[in-house]
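# Remarks on the overall topology
The chain contents come next:
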Amino acid sequence: MKKTIVIIPTYNEASNIPALASALWELDIPRLTILVVDDNSPDGTADVAEDLARAHPGYMYVLRRPAKMGLGTAYKDGFRRAFELGADIVVQMDADFSHSPSYIPQMFEYIDEYDCVVGSRYVEGGQLDERWGLGRFLLSWWANSVYTRLILGTKQRDTTAGFRMWRRETLEGMGLERIRSNGYDFQVELTYVAEKLGYRIKEIPIYFEDRRIGQSKMSNAVKIESALRVWDILWRHHRLSPADRMQPRLTPSRSGSST
Ligand SMILES: Nc1nc2c(ncn2[C@@H]2O[C@H](COP(=O)(O)OP(=O)(O)OP(=O)(O)O)[C@@H](O)[C@H]2O)c(=O)[nH]1
Ligand SMILES: [Mg+2]
């Protein structure tokens, strides 16, 4: 049976984690395991997650990092830990309910046929929070679906999507050491590298709800910086081709998981 690990990077998400964990376990996906990657959140997110880990042994893990070090390295550390834990399927999602767990079963419908399934705001049927005004929507749509795609030539419409399901083999083939972005652009870099390496990506439409509780961490300055970094991503990876996929390594935990 496949082992699914959902990685949730957190910074001050103590009030979201228990409800999100319950919602994920209620999906009734066999062996669904949660890995929280916390950057020493002052609100004690890691302690809350560790209480859950004690109450649900083997289904919840907490990776504590010493300080706020950014989303990109949080995911890279999380992916490595997920491999060690024997993941066959890895899901990336935010802690704040912008990514509804209810889409995960739908993602599973495509993960045999595709190398990665993306919860997308910008394919037909996808939607942003109704509270977004037209200006905010247009700016986001333009940045994700027009600007970035024009520069990188990617097919994926939601280039900064943070809700994705990966096969382990895909993530291993990506070569995580090549991914260097750490902010919003981290997701863009994953998109670009995956496409350059010829992986098959399926976007499914999602309704993206604004965070219900907790504080926003992504400032406009971060967004602008990420927009400029698209050029760096292009420069570093434009020569990649499917021949540059890394060979998946058979780690002991992986062979253990298949028994
Ligand atoms: N470990 C870790 N997690 C982070 C960091 N920055 C953001 N996160 C988490 O990454 C996810 C996405 O961040 P959000 O703050 O929701 O970003 P956003 O959706 O663009 O903005 P808001 O929802 O308005 O805050 C959330 O689960 C955050 O807690 C970081 O530096 N380290
Ligand atoms: Mg959010």
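Cut-offs used in this document
- Residues numbered from 1 in each chain as written.
- Chains lettered and ligands numbered in written order.
- Predicted model: local features only at pLDDT ≥ 70, side-chain atom pairs only at ≥ 80, totals over all residues.
- Helix = DSSP H or I, 4+ residues; strand = E, 2+ residues; numbered from the N terminus.
- Expected span 1.5 Å × (residues − 1).
- Buried ≥ 20, exposed ≤ 12 C-beta atoms within 10 Å, placed from the backbone.
- Contact = placed C-beta atoms within 7 Å.
- pLDDT = per-residue confidence, 0-100.
- Pairing = 2+ DSSP bridges.
- Axes fitted to C-alpha atoms, helices over the stretch in contact; angles between N-to-C directions.
- Near = placed C-beta within 6 Å.
- Core = buried A, V, L, I, M, F, W, Y, C linked by C-beta atoms within 7 Å.
- Right-handed = clockwise from strand over helix to strand, strands pointing away.

## A closer look at helix H7 (residues 185-196)
Here H7 spans 16 Å end to end across 12 residues, near enough to the 16 Å set by a 1.5 Å rise per residue. Among the 12 residues that make up H7, 11 are buried, leaving the element largely enclosed by the rest of the structure. For H7, every residue scored as buried is listed here: Asp-185, Phe-186, Gln-187, Val-188, Glu-189, Leu-190, Thr-191, Tyr-192, Val-193, Ala-194 and Glu-195. The secondary structure elements touched by the buried residues of H7 are helix H3 (71-84), strand S5 (116-120), helix H5 (134-152), helix H6 (168-174), strand S8 (201-205) and helix H8 (220-237). After H7 finishes, the residue Gly-198 shows a positive phi value of roughly 80°.

## Things to note about the confidence of the model for the chain
When the pLDDT values of the chain are averaged, the result is 92; 95% of them are 70 or greater. Of the regions scoring below 50 in pLDDT, residues 255-259 engages in 5 contacts with residues more than four places distant in sequence or in other chains.

## Re the sheet that holds strand S3 (residues 60-64)
The strand order across the open sheet formed by 7 strands is S3-S2-S1-S4-S7-S5-S8, and the pairing between neighbours is mixed. Both edges of this open sheet fall to S3 and S8, since each of them pairs with a single strand only. In this sheet, neighbouring strand axes are inclined to one another by 20° on average, regardless of whether the strands run parallel or antiparallel. Across 5 bridges, the pairing between S5 and S8 is parallel. Among the inter-strand pairings, Cys-116 is bridged to a residue of S8, identified as Ile-201.

## Points about unusual backbone geometry
Excluding glycine, residues mostly carry a negative phi; peptide bonds, for their part, are mostly trans. In the Ramachandran plot, Asn-12 falls in the positive-phi region, its phi being about 55° despite a non-glycine side chain. On the basis of neighbour counts, which here come to 18 C-beta atoms within 10 Å, the residue Asn-12 falls in the partly exposed class. A positive phi is found at Asp-28, a non-glycine position, where the angle reads about 65°. As for its placement among the helices and strands, Asp-28 is situated in the loop between helix H1 (17-25) and strand S2 (33-38).

## Some remarks on the site of ligand 1
Around ligand 1, the structure places 20 residues, and the nearest of them are Pro-9, Ala-74, Ala-95, Ser-216 and Lys-217. Listing elements by their share of the shell around ligand 1, those giving two or more residues are strand S1 (4-10), S2 and H3.

## Re the nonpolar core
Residues Val-6, Ile-7, Leu-35, Val-36 and Val-90 are the most contacted members of the largest nonpolar core, which totals 61 residues. Apart from residues no more than four positions distant in its own chain, Val-90 is found in contact with Ile-5, Ile-7, Phe-79, Ala-82, Trp-166, Arg-168 and Leu-171.

## A closer look at the pairing of S3
Counting buried residues in S3 gives 4 out of 5 residues, a clear majority hidden from the surface. Of the strand pairs in this sheet, S2 and S3 are connected by 5 bridges, and their pairing is parallel. Paired with Ile-34 across the strands is Met-60, a residue of S3. Crossover handedness for the path S2 to helix H2 (residues 45-55) to S3: right-handed.

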